[in-house]
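# Residue-level structure breakdown
Here are the chains, one letter per residue:
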Amino acid sequence: MSQAANTGIQERPAPAEAARPTSLSSRALPRWAPFAFAALALALGVGTGAAAGWQSHTQWGLFSALLFVVISYVTTSVVENRRQAKDRLATSIVWVCFLLAVVPLASLLWTTISRGAERLDGYFLTHSMAGVLGSEPTGGVYHALIGTLEQVGIATVISAPIGMLTAVYLVEYGKGALAKAVTFFVDVMTGIPSIVAGLFILSIMLMTKTQPSGLMGALALTILMIPVVVRSTEEMLKLVPNELREASLALGVPKWRTILKVVLPTAIGGITTGVMLAIARIAGETAPIMLLVFGSQLINPNPFQGAQSSLPFYIWEQYKVGTDQSYDRAWAAALVLIAFVMILNLVARGIARWKAPKTGR
Amino acid sequence: MASTTPIDSPPAPPVARKRAGSSSGRVGDKVFLGLSRGSGILLLVIMASIAVFLTYRASLAISENDGNFFTTFDWNPAGDPPVFGIAVLLFGTVVSSIIAMAIAVPVAVGIALFISHYAPRKLAAPLAYVVDLLAAVPSIVYGIWGALVLVPYLEGLNLWLDQFFGWTYIFEKTEVGVARSLFTVGILLAIMILPIVTSVSREVFLQVPKMNEEAALALGATRWEVIRLSVLPFGRSGVISASMLGLGRALGETMAVATVLSPSFIISGHLLNPGGGTFAQNIAAKFDEANEFGRDALIASGLVLFVLTLLVNGAARMIIARRKEYSGANA
Amino acid sequence: MAKRIDVSGLSAYYGSHLAIEDISMTVEPRSVTAFIGPSGCGKSTFLRTLNRMHEVTPGGRVEGKVLLDDENLYGANVDPVTVRRTVGMVFQRPNPFPTMSIFDNVAAGLKLNGSYKKSQLPEIVEKSLRGANLWNEVKDRLNKPGSGLSGGQQQRLCIARAIAVEPDVLLMDEPCSALDPISTLAIEDLIGELKERFTIVIVTHNMQQAARVSDRTAFFNLAAVGKPGKLVEIDDTERIFSNPSVQATEDYISGRFG
């Protein structure tokens, strides 16, 4: 800049002159500064927590996080400038947000896996709760597993075709008031709480004097599953390029065959993914099962008659029993459920990646 | 099909075959259209019957109710005369959801920004994947984790909040007891909806056109200023709809609340005190002991929850529609 | 204000891929320097190293020196934010902030720096818009969104936004490639006016444009696809287009390749 002054270019006074940096380089904190701040904040936080005798480590962590944000901001505004300090403030808050969220979510996964693994074995997967007392360390999840598979299976068999056909209608045929109404109500349906879906089937059962069974639960799950299938199928169908449809129609192939033979096969990977994600979602629903399937300790392989259990409902039951042994069973069942859901998710995402239509993006 | 024009008669065999094909095509088209349109209509019928059936059963219960459905602080449909009201449930549902939103939305936006703009690239992709997977964890698992792990953990925090922020009234803990309060429920709901809100917000942030961010950078903006100038304005409507999605889940969440809350039919501004209730939790708790009338009463409360979620979803949709008109031009 | 740029031994990488290799040149203040060359020769990459925008691309890094009046842009304590504040940039496609009004778009850079008087703002905005030959077209709708303007107007709005912070250097990355001929002409006229105040570097695909607007022209080339781009020669525009000293330049100018 001293050079620049000598060249005499700077005659014209600019209004924004005050804002101009006098030099490109400025005082800057070293790269390791954030780590130092973090270490300092942690040390202070733990020190204060221990000194003040705070019981929960949650406070220690929260206080350290707060210290970290404050120390970074103040130091940066002293050493660098306000703008850099704001930038550093945002960075440290974002990092704190991340850590703040990681702790509970990691704890959730860790607890489920470590507690669940204690009880999870072949015996647990192949035995029911028939005749098992709450305080006995035996018993298993077999009956609930059967129930979940059957209820989810029935729900899928009903929802997948209805959902896919609805999506086909919206994308391939849909114009006018009916399509608009369907689109709107699919959105509305997505937001229905599972317990309300359960109450709806319950109100039908009350009027028709129907007894609880796996089928009733499956019907409630169907209501939850259909909109998810419609949405994902719709997205996938929209990705199928119009040229494909036109090419097929131009060959004289009727529209319904074009859809069945050209459009759906192109999108089938994504549609499968959507259906599997929907299954993963309803497999964890507890509330409708509680209202409609009633729960049972016994193996009931018939979903059309009599009470059944299901994995999530089993967890809830065992939690309510409230003994150490039942908690162990609850955690083990939670691990089975999470594993089931995660495997579905992973496979679904795998299929999506493998079969993804080229969108050109 | 019986065309009398001479033009398409000459080469007989191929045309005949083609006609056969196209007439079957026509039937096929009709059947297929009928099926798919029928599915769409079935959806509307389901929605309509949900509203009709719930309203009908609810009216059976409400007409016999001796208390005021909206203002009574009690739930005793088996009593003589039956008395039940949703005031406590409405309060608990709204308050716990507000706490959940107040915690989850800023943190979720923070994590979404972390993944999209701050995290080292090698960390960002697996992190996004894990967040998506976490969004699929069933609520009952959050529930038992909340009851068995989170509640004991939060006791110290509750005491501390009471000690230093007791003067705010809402953080004054006037009853001893474990942390099975609306405040704890709010925190658990926040943790539950965090993955889904994060996941949707991140998608939106990643869609910000590169050239908008470069425009800010070239003006000499710091990373935070780039986010403020181009990422947040672009992503605002997406974040709002993500939040509404989360709010919808928080309002209707059953199991996570039922496991954590120690319910009671009182309204208290002291959020750290155990007690209170939400619609879904109350249905889960009262269902087993309820006779048919009691179940109708629960259905009535479910109807209010249904309407509440409809309003939230409708509001979200309106916000998104309006933002689309405004910001579409240059994107 | 306008400053001289001295580049010596500059190479830029994308990850492990060497995009441009060992470039040295001097850009004179208050002049227009045009970069020409076939696609993929690294002229845009090189331009982006002049205000440290290259390192924004994931994996982007730079070796060598860029002196702005004797101060190295890649020096130890140099803040890239300050560099970009001093070296402005206009992009290939006009990119006004879509949610901001015309006024706010122009004022965006000033507001970032914080040290302006609120009463001065309208004056600076008007001066910048006049400087970009846009004032008469938008003076009645300063509060309308910038995205409502035509492509050429948007590009001039972006130029106004860039010059509002009074940079020392203005980089332009194919500023007319997305515009129609009339808008292109308007921008070219504007460049002629702006060089009275700024050092201007412009990347262009269009050789006629380089011949029309620039004082000096640099020709970039690459040996083969996948090989790094290099500076072939830089000279007065007149010489480059009439009597270049390297055969490859003459081949390119006369349309034999590229």
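Note that this is a predicted model, so its numbers are computed, not measured.

### Considerations on the overall build of chain A
- In terms of helices and strands, chain A carries 14 helices and zero strands.
- In chain A, the succession of helices and strands from N to C terminus is α-α-α-α-α-α-α-α-α-α-α-α-α-α.
- What you see for chain A is a C-alpha radius of gyration of 30 Å, clearly larger than the 21 Å of a compact globule of 361 residues, by over 25%.
- Overall, the C-alpha framework of chain A stretches about 95 × 70 × 35 Å when taken along its three principal axes.
- With 361 residues in all, chain A has 47% of them scored as buried.
- Look at the contacts in chain A between residues 6 or more apart in sequence, and 72% of them connect residues 24 or more apart.

### Observations concerning the overall build of chain C
- For chain C, the helix and strand inventory stands at ten helices and ten strands.
- The globule rule puts the C-alpha radius of gyration for 258 residues at 18 Å, and the 18 Å found for chain C is close to it.
- When the backbone C-alpha atoms are referred to their principal axes, chain C occupies close to 55 × 45 × 30 Å.
- Buried positions account for 50% of the 258 residues belonging to chain C.
- Taking all contacts inside chain C whose residues are at least 6 apart in sequence as the whole, residues at least 24 apart take part in 68%.

### Some details on the interface of chain B and chain A
- The interface is formed by 72 residues belonging to chain B together with 75 residues belonging to chain A.
- No other element matches helix H1 (residues 12–64) of chain B, which puts 20 residues into the side of chain B that touches chain A.
- Taken together, the residues of the side of chain B that touches chain A sort by class into 47 nonpolar, 17 polar and eight charged.

### Some words on the nonpolar core
Residues and elements named next belong to chain A.
- Ile 315 and Ala 333 are the most contacted members of the largest nonpolar core, which totals 271 residues.
- Residue contributions to this core reach at least three from each of two domains, namely domain 1 (33–117) and domain 2 (142–354).
- Beyond its immediate stretch of four places on either side in the chain, Ala 333 contacts Val 141, Ala 144, Leu 311, Tyr 314, Ile 315 and Gln 318.

### Considering the pairing of strand E10 (residues 229–236) of chain C
All names here are of chain C.
- Here strand E9 (residues 216–222) runs beside E10; their pairing, made up of seven bridges, is antiparallel. Bridged to Ala 218 within E10 is Ile 234.
- In this structure, the hairpin formed by E9 and E10 is closed by a connection of six residues, where Gly 226 is found at a positive phi of approximately 95 degrees.

### Some details on the confidence of the model for chain C
- A residue-level look at chain C finds 98% of positions with pLDDT of 70 or above and a mean pLDDT of 89.
- Two numbers describe this predicted complex: its pTM, 0.85, and its ipTM, 0.86.

### A word on the interface of chain C and chain B
- Taken residue by residue, the interface counts 25 residues in chain C and 19 residues in chain B.
- The set of elements that each furnish at least two residues to the side of chain C that touches chain B consists of helix H2 (80–86), strand E6 (87–90) and helix H3 (102–113) of chain C.
- When residues in the side of chain C that touches chain B are grouped by element, the largest group, four residues, is from H2 of chain C.

### Things to note about unusual backbone geometry
- For the bond running from Asp 80 of chain B to Pro 81 of chain B, omega is 0 degrees, close enough to zero to count as cis.
- Along the chain, the position of Pro 81 of chain B falls in the loop between strand E1 (75–76) and strand E2 (83–84).
- Even without glycine at this site, Phe 294 of chain A takes up a positive phi of about 80 degrees.
- Along the chain, the position of Phe 294 of chain A falls in the loop between helix H12 (287–292) and helix H13 (311–321).
- Unusually for a residue other than glycine, Asp 22 of chain C sits at a positive phi of about 50 degrees.
- Residue placement: Asp 22 of chain C occurs in strand E2 (residues 17–27).

### Let's talk about the environment of Glu 253 of chain B
- Inspection of the secondary structure puts Glu 253 of chain B in the loop between helix H7 (223–252) and helix H8 (255–260).
- Once you skip the residues sitting within four places of it in the chain, Glu 253 of chain B turns out to touch Ser 139, Leu 189, Met 192 and Ala 280 of chain B.

### Thoughts on the domain arrangement of chain A
All names here are of chain A.
- Per the domain assignment, the segments of chain A are domain 1 (33–117) and domain 2 (142–354).
- Here the C-alpha centre of domain 2 lies 40 Å away from the C-alpha centre of domain 1.
- Taken residue by residue, the interface counts five residues in domain 1 and five residues in domain 2.
- Residues that form the side of domain 1 that touches domain 2 fall into these classes: two nonpolar, two polar and one charged.

### Points about helix H8 (residues 194–208) of chain A
All names here are of chain A.
- Relative to the 21 Å expected for 15 residues at 1.5 Å per residue, H8 spans 21 Å between its end C-alpha atoms, a close match to the ideal helical length.
- Of all the positions in H8, only Ser 194, Ile 195, Val 196, Ala 197, Gly 198, Leu 199, Phe 200, Ile 201, Leu 202 and Ser 203 are classed as buried.
- Trailing H8 by a residue or two, Lys 209 shows a phi angle of about 55 degrees, which is positive.

### So, the packing of helix H6 (residues 151–164) of chain C against helix H7 (residues 181–194) of chain C
Residues and elements named next belong to chain C.
- Packing of H6 against H7 brings their axes to within 9 Å, and their N-to-C directions diverge by 20 degrees. In terms of axis orientation, H6 runs roughly parallel to H7. Handedness of the H6/H7 crossing: right-handed. Residues Gly 151, Gly 152, Gln 155, Arg 156 and Ile 159 of H6 form the contact with H7, whose participating residues are Ser 183, Ala 186, Ile 187 and Leu 190.
- Residues belonging to the contact of H6 with H7 are distributed by class as follows: four nonpolar, four polar and one charged.

### Here's the deal with the confidence of the model for chain A
- The share of residues in chain A with pLDDT of 70 or more is 91%, and the mean pLDDT across the chain is 85.
- Below a pLDDT of 50 lies the segment residues 1–19 of chain A, which in the model reaches 26 contacts outside its immediate sequence neighbourhood of four places, other chains included.

### A few points about the pairing of strand E7 (residues 169–173) of chain C
Residues and elements named next belong to chain C.
- Most of E7 sits out of view: five of its five residues are buried.
- Residues Val 169, Leu 171 and Asp 173 point to one face of E7 and Leu 170 and Met 172 to the other, with burial holding for every one of them.
- One ladder, built from four bridges, connects E6 with E7; its direction is parallel. Looking across to E7, one finds that Val 87 is bridged to Val 169.

### Comments concerning the packing of helix H4 (residues 121–131) of chain C against H6 of chain C
All names here are of chain C.
- In contact at an axis separation of 8 Å, H4 and H6 are set at 130 degrees when each is read in the N-to-C sense. Considering their axes alone, H4 and H6 lie oblique with respect to each other. Handedness of the H4/H6 crossing: right-handed. Two secondary-structure elements touch here, H4 through Ile 124, Val 125, Ser 128, Leu 129 and Gly 131 and H6 through Ala 160, Ile 163 and Ala 164.
- Of the residues that constitute the contact of H4 with H6, the class distribution is six nonpolar, two polar and no charged.

Quick notes on the rules
- Residues numbered from 1 in each chain as written.
- Chains lettered and ligands numbered in written order.
- Predicted model: local features only at pLDDT ≥ 70, side-chain atom pairs only at ≥ 80, totals over all residues.
- Helix = DSSP H or I, 4+ residues; strand = E, 2+ residues; numbered from the N terminus.
- Rg over C-alpha atoms; globule rule 2.2 N^0.38 Å.
- Buried ≥ 20, exposed ≤ 12 C-beta atoms within 10 Å, placed from the backbone.
- Contact = placed C-beta atoms within 7 Å.
- Nonpolar A, V, L, I, M, F, W, Y, C, P; charged D, E, K, R; others polar.
- Core = buried A, V, L, I, M, F, W, Y, C linked by C-beta atoms within 7 Å.
- Domains from an automatic or database assignment.
- Pairing = 2+ DSSP bridges.
- pLDDT = per-residue confidence, 0-100.
- Expected span 1.5 Å × (residues − 1).
- Axes fitted to C-alpha atoms, helices over the stretch in contact; angles between N-to-C directions.
- Parallel < 35°, antiparallel > 145°, perpendicular 65-115°, else oblique.
- Left-handed = near helix turned anticlockwise from the far one by under 90°.

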